[in-house]
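Residue-level structural notes
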Amino acid sequence: MVKGWNEASKLIGSNPSFPITLSSTLEEKAQKENQDMNAEYFIAKALEERKIRNYGTILKYGDESISIYDLEDTGNKLIQKDNSSLYKIEHLNVEFEIRSDLSITRTMDIIYKAGLKYSKLEDLLLLSNHPLSLSERGIKEKPSDWEIPGNIAFDIIKSMETIESSGYSDIAVVISPSLYAKLFRVYDKTGSYEIELLRHCCEMIVSPYLSGLIVFSKKGFYILENSPASVEFLGKEGVYSDYLISGKISPYLIDSNAAMILK
């Protein structure tokens, strides 16, 4: 088109500039859309580091709060009583600013780190930072001496038996890295590692966000998600573009008997 315009200009003896140009507004829009797409990609990769959500039942939940009614067990009948407690859905958010005058490869570090920070906030919320979380709502038990080989595995198996006696199955264990490392000790002069006692009876989740361990039923652990994690472009000031990762979510251990906390 430009070549044809120049040839026509010579024929008519005039040389005006080519009239069709990409406005700076459209250029900024195209740059922003490309930046958004890339930011979302790296955020999504970082959010794959969320662990605890993979071991519960995720439900879409439209309300901003959770009402839980007391139960009464009369032996052959369960009654949902009038008394209730109200809990809120938590709003998690991480804001970050990136330089929009740099290529996406030069800003990957802050984008990915923002996603990791959100992942940590969510794992902490589901594990402990909510009244309905695993460690807050579950039953707390005193552990045995974990310096003795075999005791960590035996405590886990004992907790599994307690949970299963309440009717819950599909057991998982969240364990700290230091305790997980202790499972690779030989116990009872058998030549076997302690972890061999657990390999076929439960799933193991290693998390740095707790001390001790939590044994729980995946079928008794729900995750109520009002808004899934998403990335939003907030605006631009100077060379910085402002973004927000946010979501609304809450853990819901439906029964205290579905989790045992040892620490």
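Sequence order as written defines residue numbering, which begins from 1 separately in each chain. The predicted nature of this model means local features are confined to residues of pLDDT at least 70 and side-chain atom pairs, given and counted, to a pLDDT of 80 or more, with totals for whole chains, interfaces and linings taken over all residues. Computation of side-chain values covers all heavy atoms of the structure but excludes hydrogens and water.

The helix and strand labels rest on DSSP assignments: H or I over at least four residues marks a helix, E over at least two residues marks a strand, and numbering proceeds from the N terminus. Within the chain one finds six helices and eleven strands. Every accessible area reported is derived by Shrake-Rupley at a probe size of 1.4 Å, with residue values counting cover from the shown protein chains alone. Counting every atom, the chain has about 15,300 Å² of accessible surface; 50% of that belongs to carbon and sulfur.

Our focus in this paragraph is the nonpolar core. Definition used in this section: a nonpolar core is a set of buried Ala, Val, Leu, Ile, Met, Phe, Trp, Tyr and Cys residues joined via side-chain atoms within 4.5 Å. Only protein chains enter the accessibility calculation, which uses a 1.4 Å probe; a residue whose area is less than 20% of its type maximum is buried, one above 50% is exposed, and one in between is partly exposed. Within the largest apolar cluster, 53 residues are counted, with the highest numbers of intra-cluster contacts made by Leu134, Ile156, Leu213 and Phe216. Per-element accounting of this core gives the leading share, six residues, to helix H3 (residues 108-127). Contact criterion: two residues are considered in contact whenever any of their non-hydrogen atoms come within 4.5 Å of each other. Sequence-distant contacts of Leu213, defined by excluding residues within four places in its chain, comprise Trp146, Ile152, Ile156, Val173, Val174, Ile175, Leu179, Met260, Ile261 and Leu262. Counting seven residues, the second largest nonpolar core, distinct from the first, contains Tyr61, Ile68, Leu132 and Tyr252.

Another aspect to go through is the packing of aromatic side chains. Each Phe, Tyr or Trp ring (for Trp, its six-membered ring) is paired with any other whose centre lies within 6.5 Å, and the angle between the two planes then decides the class: stacked below 30 degrees, edge-to-face above 60, tilted in between. This structure, assessed with the given rule, holds six aromatic pairs. With a centroid separation of 5.7 Å and an interplanar angle of 75°, the aromatic rings of Phe216 and Phe221 are classed as edge-to-face. Looking at Phe216, the relative accessible area reads 0%, which means it is buried. Here, a charge over a ring means that NZ of Lys or CZ of Arg falls within 6 Å of the ring centre while also lying within 35 degrees of the ring normal. Over the ring of Tyr240 we find Arg99; its NZ or CZ atom is 5.6 Å from the centre of that ring.

Along the polypeptide, Phe221 turns up in strand E9 (residues 221-237). Sequence-wise, Phe221 and Leu253 are 32 residues apart; in three dimensions their C-alpha atoms are separated by 4.6 Å. If we skip the residues at most four places from it in the chain, Phe221 touches Ile52, Tyr55, Gly56, Thr57, Leu126, Leu134, Phe216, Pro251, Tyr252 and Leu253.

Definition used for salt bridges: Asp or Glu carboxyl oxygen within 4 Å of a side-chain nitrogen of Lys or Arg. The final tally for this structure, using the stated rule, is twelve salt bridges. Between Asp101 and Arg99 there is a salt bridge whose closest N-O contact spans 2.9 Å. For Asp101, a relative accessible area of 44% puts it in the partly exposed group. The closest approach of N and O atoms between Arg199 and Glu196, which form a salt bridge, is 3.1 Å.

So, about the sheet that holds strand E10 (residues 240-253). Strand order across the open sheet formed by four strands is E1-E9-E10-E4, with mixed pairing between neighbours. The open sheet has two free edges, formed respectively by strand E1 (57-60) and strand E4 (90-99), since each of these has just one partner strand. Across this sheet, the average inter-strand angle for adjacent strands is 30°, counted without regard to direction. Only when DSSP finds a minimum of two bridges between them are two strands counted as paired. The pairing of E1 with E9 spans four bridges and is parallel. Each bridged residue has a counterpart across the sheet, and for Leu59 the counterpart in E9 is Leu224. Axes here refer to lines fitted to C-alpha atoms; in helices the fit is confined to the stretch in contact. Angles between the N-to-C directions go from 0 to 180 degrees. Along the sheet, H3 contacts E4, E9 and E10; its crossing angle with E4, the most-contacted strand, is approximately 170°.

Right, let's talk about the side chain of Glu122 for a bit. You can see Glu122 is positioned in helix H3. Under the relative-accessibility criterion, Glu122 is labelled buried at 1%. Setting aside residues up to four positions removed in sequence, Glu122 forms contacts with Arg50, Arg53, Leu92 and Ile249.

Take the environment of Tyr193 next. Looking at where Tyr193 falls in the secondary structure, it is placed in the loop between helix H6 (177-182) and strand E7 (203-206). C-alpha of Tyr193 to C-alpha of Leu183: the two residues are ten residues apart in sequence and 6.8 Å apart in space.

Treat this as a map of the structure, not an account of what it does.
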